[in-house]
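Fold and geometry: a report
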Amino acid sequence: MAGTICLLVAVGTASAHGGALAAGGREPLTIPTWLFLTTGGAAVGASFLLASFVTDRSFVERIHDWGRPLLDGGARVPTLAGRAIGLVGLTAVLVVGFVGPDTPRTNLAILLVWVGWWAGLAMTTYLIGNAWRVLNPLTTIAAALPSLDRDYPERLGAWPGVVGLLALVWLEVVSPLADDAELLATAVLGYSVVTLAGAVVFGRETWFAEADPVERVFRYYGRVAPIGRDENGLRLRLPGMDLSTPRLVDGADEVAFVVALLWVTTYDGLVTTPAWRDLTTPLVAAGLPPHLLYPIALLVGFALFLGVYRLAVRASTRVAETYLAPAELAERFAPPLLAIAAGYHFAHYVGYFLFLAPALGTAALSPLSSPATVPVYQLPGWFGGLSLAAVIVGHLVAIWVAHAAAYDLFPSRLQAIRSQYPFIAVMVFYTMTSLWVVSQPEVPLPHL
């Protein structure tokens, strides 16, 4: 672990894919990539050994049961204020998107969606707690609409959310949504219409619980946070400890959504690496249309991530010598992947958010005009180390949560430890993939 920390200070700043908003790109490693990746993977493997052999069942239970109740009085006023803020935000995106400035770094709609919401609010969701459940303007609007309360097809489950999440990230990558405010406002309006129609047909609670991808992303990220809600109200807990709750992920569809959430942020960074450019240039030269290249890569990568996880599930069933169905193991060991997804989201977006946060504040004060200068925050050279540390921390939390879930599933300590061998191999694979993407220099999106 100490070796990993030393390596973190040797890299540059990571930035998110964001068109003209991007903060200037990632810088290459100053050490051999193989050494960096090997050290990161070894840190994850060593953490598993430490968690396995220096902890027992009672210690794990004490860690997961720790918590402090938080005051939840006067909830009506904060809820009404949060709903009002959400409605104002949606209105600002639609109005400023159509009539505001043309420059991306001065347009409040673009900055509010990508910097304030998808980067900033999403980070607060897993770092603090899920405020989107109150802020979401579409749930507020849906509450005022009539409902047909048709039965939601059980066979669909979370699959519309999986498709929706992949489609949204594909659009974010291949289209100029980060540069064209009018196009962004049109996309937000279209998404709102589809979402509200689904809420009217199937009922607000059912649609947002089952089919809406954005609501599920924030709900899952909120389970990583130290502040959550139980039957007694708000509660402070250790980060990630709520991920070991049984039935948090229920069914192959929800497992697929967790894996999709992990994959899409990796994909967003992957397509701006030199390796992606070098790999795809011969394919495009051979006649593969660039606009087909990106959705194919998105689906193939998702299938790979999901396939690797399912292989680990089957291997775990064998090595643990259990009669538990593979589907049950898949459901119980999927939630730890949310900690990995949160760590990589933070690594991918924290520099992007801090760089453009001053521009967002300026645009909020003058939404319909362009300032003469756009303030930004120049990140220090060591900042990339924080991004890479976030990837490692996310995986360490995932290891601990998976360890706790194994103790809850299996009566034997040895059986619980053995069940984790395949999953640790998968986590090392995910770790090294994420670290490799974050450590690569950023290049313009090729072929588009």
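Scope of this entry: the structure provided in the associated data block.

Cut-offs used in this document
Residues numbered from 1 in each chain as written. Predicted model: local features only at pLDDT ≥ 70, side-chain atom pairs only at ≥ 80, totals over all residues. Heavy atoms only, no water. Axes fitted to C-alpha atoms, helices over the stretch in contact; angles between N-to-C directions. Helix = DSSP H or I, 4+ residues; strand = E, 2+ residues; numbered from the N terminus. Parallel < 35°, antiparallel > 145°, perpendicular 65-115°, else oblique. Left-handed = near helix turned anticlockwise from the far one by under 90°. Contact = heavy atoms within 4.5 Å. Nonpolar A, V, L, I, M, F, W, Y, C, P; charged D, E, K, R; others polar. Core = buried A, V, L, I, M, F, W, Y, C linked by side-chain atoms within 4.5 Å. Buried < 20%, exposed > 50% of the residue type's maximum accessible area, 1.4 Å probe, protein only. Phe/Tyr/Trp six-rings, centres within 6.5 Å; stacked < 30°, edge-to-face > 60°. Lys NZ or Arg CZ within 6 Å of the ring centre and 35° of its normal. Patch = residues over 30% accessible without salt bridge, like charges linked within 9 Å, V, L, I, M, F, W, Y side chains within 5 Å. Areas by Shrake-Rupley, 256 points an atom, 1.4 Å probe, with all protein chains shown as cover. Salt bridge = Lys/Arg side-chain N within 4 Å of Asp/Glu carboxyl O. Lys, Arg positive; Asp, Glu negative; His and termini not counted. Charge placed at Lys NZ, Arg CZ, Asp CG, Glu CD. Pairing = 2+ DSSP bridges. 1 Å grid on protein atoms, 1.4 Å probe; cavity = no way out; pocket = protein on both sides within 12 Å on 5 of 7 lines; lining within 4 Å. Points joined across faces, edges and corners; volume = space filled by probe spheres on them. Expected span 1.5 Å × (residues − 1).

1. Let's talk about the packing of helix α15 (residues 326–333) against helix α17 (residues 384–409)
- One way to put it is that α15 packs onto α17 with a least axis distance of 10 Å and a crossing angle of 140°. Classified by the angle their axes make, α15 and α17 are oblique. Read as a crossing pair, α15 and α17 show a hand that is right-handed. Contact with α15, carried on its side by E328, L329, R332 and F333, involves A402, A405, A406, D408 and L409 of α17 and no other residues of that element.
- Of the residues in the contact of α15 with α17, the class split is six nonpolar, no polar and three charged.

2. A word on the nonpolar core
- W114, Y267, Y294, F302, Y309 and F333 are the most contacted members of the largest nonpolar core, which totals 123 residues.
- With 17 residues, helix α16 (residues 336–365) is the single largest residue contributor to this core.

3. Description of the packing of aromatic side chains
- Under the criterion given, the structure shown has 17 aromatic pairs.
- Taken together, a centroid distance of 5.5 Å and an interplanar angle of 40° make the contact between W117 and W118 tilted.
- Accessibility expressed as a relative area gives 22% for W117, which makes it partly exposed.
- Given the relative accessible area of 14%, W118 is considered buried.
- Lying over the aromatic face of F257, R216 brings its terminal NZ or CZ to 5.6 Å of the ring centre.

4. Re a negative patch on the surface
- A cluster of acidic residues, D102, D179, D180 and E182, forms a negative patch at the surface.
- For D180, a relative accessible area of 33% gives the class partly exposed.

5. A word on the environment of Q415
- Tracing the sequence through the fold places Q415 in helix α18 (residues 413–419).
- The contacts of Q415, once residues within four sequence positions are left out, are A320, E321, T322 and F410.

6. Digging into the environment of H291
- Here H291 shows up in helix α14 (residues 290–319).
- Along the primary structure H291 and V174 are separated by 117 residues, whereas in three dimensions their C-alpha atoms are 7.7 Å apart.

7. Some details on the sheet that holds strand β3 (residues 233–236)
- The strand order β1-β3-β2 describes an open sheet built from three strands, whose pairing is antiparallel. Two strands bound the open sheet, and with one partner strand each, they are β1 (68–69) and β2 (227–230).
- Strand direction decides the pairing type here: β1 and β3, joined by two bridges, are antiparallel. Each residue of the ladder has a partner; that of P69, found in β3, is R235.

8. Notes on the layout of surface pockets
- Of the voids in this model, the second largest pocket is the one considered here, and its volume is about 1,200 Å³.
- Taken together, 46 residues line the second largest pocket, and the ones lying closest to its centre are V113, W117, V188, Y191 and V214.

9. Section: α14
- Across its 30 residues, α14 extends 43 Å between first and last C-alpha, which sits within 8% of the 44 Å expected from 1.5 Å per residue.
- Within two residues after α14, E321 carries a phi angle of roughly 50°, on the positive side.

10. Some points on unusual backbone geometry
- A positive phi angle is found at D149, which is not glycine, with a value near 50°.
- Following the sequence through the fold, D149 ends up in the loop between α7 (137–143) and α8 (159–174).
- Positive phi is not limited to glycine here, since E321 has a value of about 50°.
- Residue position: E321 is located in the loop between α14 and α15.
- Taking the relative accessible area as the measure of exposure, E321 reaches 60% and is therefore exposed.

11. A short note on the pairing of β3
- Relative to β3, β2 runs antiparallel, the two being bridged by four bridges. Within β3, the position partnered with G228 by the bridge is R235.
- The hairpin turn running from β2 into β3, its antiparallel successor, is two residues long.

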